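These are the residues of each chain, in order.
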Amino acid sequence: MYRCKATCRAHANIAFVKYWGVVDSNLNLPANGSLSMTLSHAHSTTTVAWMDVDPTGEADIVVIDGKEQSGSAHRRTVSHLDRIRTAMGVPWPARVESRNSFPASAGIASSASGFCALTVAACQALAAGGRRDIPDRRHQARLARRASGSACRSFQGGFVEWSAGGDDATSVACQVAGPDHWPLHDVVAVLDAGPKSVSSHDGHRLAATSPLQEERVRQVQSHLNTARSAIRARDLKSLGEISERDAMLMHAVMMSSEPPLLFLNEGSVALMRQIRDWRLQEGLEVYFTVDAGPNLHVLCNEADVGEVSHRLARWPSVQDILVNGPGPAPELRNSPLF
């Protein structure tokens, strides 16, 4: 039944300087560059098996966290399998099974880790089946970017910058520093583990309707310069301040789009205020950022992880916490999911 099979684990990432909006929806070219950290313990493990062509018209099978998918999740995965089939010149259907170590579709970049793992596993399976013309990881990242922009950042470990570029070949992500460069920590405060009402994939298309988007994009290069220098200098204060500012600008664009997008909830805003109080009134060096969802990423030095985790775990609206340091590039696994 299965021609060839492979498994990959890829890690999500958190952007300190975020991209929001696209200028080419077909190639998924971003309106601006971005800079992120790959997360050590937030990952997707995906097995892809290419199947024999069935004359009865067997369709692709997609299973995520134990549940067979239909609707938009199935369509988006199949669309990406079609990109890979076209690139590789194969007609075969596939079975895809993926498991996440964190809540999916909740603003913790599950699409980044998911499509990165899917792309690597699908290509590796073809290599295991005897194909010798498999694209290298750089080309695989460009393929994955078309499914989820931030997936291209998950192809690198540590701290990663995605240059917006102007075409498919130049819109690429490169490592700024490796995972061992700086033990920065991201403690994710899960305030709502449920899926978002609007996906980031759909939200990006609304960015251009905001009167604030042009000014936000204009400021991004300065934010990137600050964040890049802060990472190289291991300067949490500079990185934290620009991360908070950049996140708030992105959410201002979301809230002023047509129709408006409101991903933050009351718990998100209350915790943001509390984090600033911990920093400004108590001297705890802690900062936040937030992606397209309600869950906060709380940045701190390694020495403060225990204290920050303890405080977040006691916060009334926090359902769970996920502690991450800088994570690795995608890894092939020897234990398939099926």
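Right above here is the structure, for reference.
Residues numbered from 1 in each chain as written. Predicted model: local features only at pLDDT ≥ 70, side-chain atom pairs only at ≥ 80, totals over all residues. Heavy atoms only, no water.

## Re helix H2 (residues 110–128)
Rules: Only DSSP runs of H or I reaching four residues or more are called helices, and only runs of E reaching two or more are called strands; each is numbered from the N terminus. In this scheme, a helix's expected span is set at 1.5 Å multiplied by one less than its residue total. Buried means the residue's accessible area, taken with a 1.4 Å probe over protein chains only, is under 20% of the maximum for its type, while exposed means over 50%, and partly exposed covers the values in between.
Taking 1.5 Å of rise per residue, 19 residues should cover 27 Å, and H2 covers 26 Å from first to last C-alpha, within 8% of that figure. Of all the 19 residues making up H2, 15 are buried; the element is thus mostly covered by neighbouring parts of the structure. Residue Gly130 follows H2 closely and has a positive phi angle near 110 degrees.

## Some details on the pairing of strand S12 (residues 296–300)
Convention followed: When DSSP finds two or more bridges between two strands, those strands count as paired.
Judged by how many residues are buried, S12 sits mostly within the fold: five of five residues are covered. Of the two faces of S12, the one lined by Leu296, Val298 and Cys300 and the one lined by His297 and Leu299 are each fully buried. Summarising the sheet, strand S11 (residues 286–290) and S12 pair through five bridges and their orientation is antiparallel. Directly across from Val290, in S12, lies its bridge partner Leu296. Where S11 folds back onto S12 in an antiparallel hairpin, the turn is made up of five residues.

## Side note on the pattern of salt bridges
Put simply, the rule reads: Each salt bridge in this description consists of a side-chain nitrogen of Lys or Arg and a carboxyl oxygen of Asp or Glu lying within 4 Å of one another.
The full count for this structure, using the stated rule, is 16 salt bridges. We note a salt bridge from Lys237 to Glu241, for which the minimum N-O separation is 2.9 Å. Of this pair, Lys237 and Glu241 both sit in helix H6 (residues 236–255), four residues apart, which is roughly one turn of that helix. Classification of Lys237 as partly exposed rests on a relative accessible area of 44%. Glu241 sits in the partly exposed class, given a relative accessible area of 41%. As a salt-bridge pair, Arg279 and Glu244 come within 2.9 Å of each other at their nearest N and O atoms. Of the two residues, Arg279 is situated in helix H7 (residues 266–282) and Glu244 in helix H6; the sequence distance between them amounts to 35 residues. An identical accessibility class is assigned to Arg279 and Glu244; each is buried. Each of Asp60, Asp82 and Arg85 takes part in one network of salt bridges that share partners.

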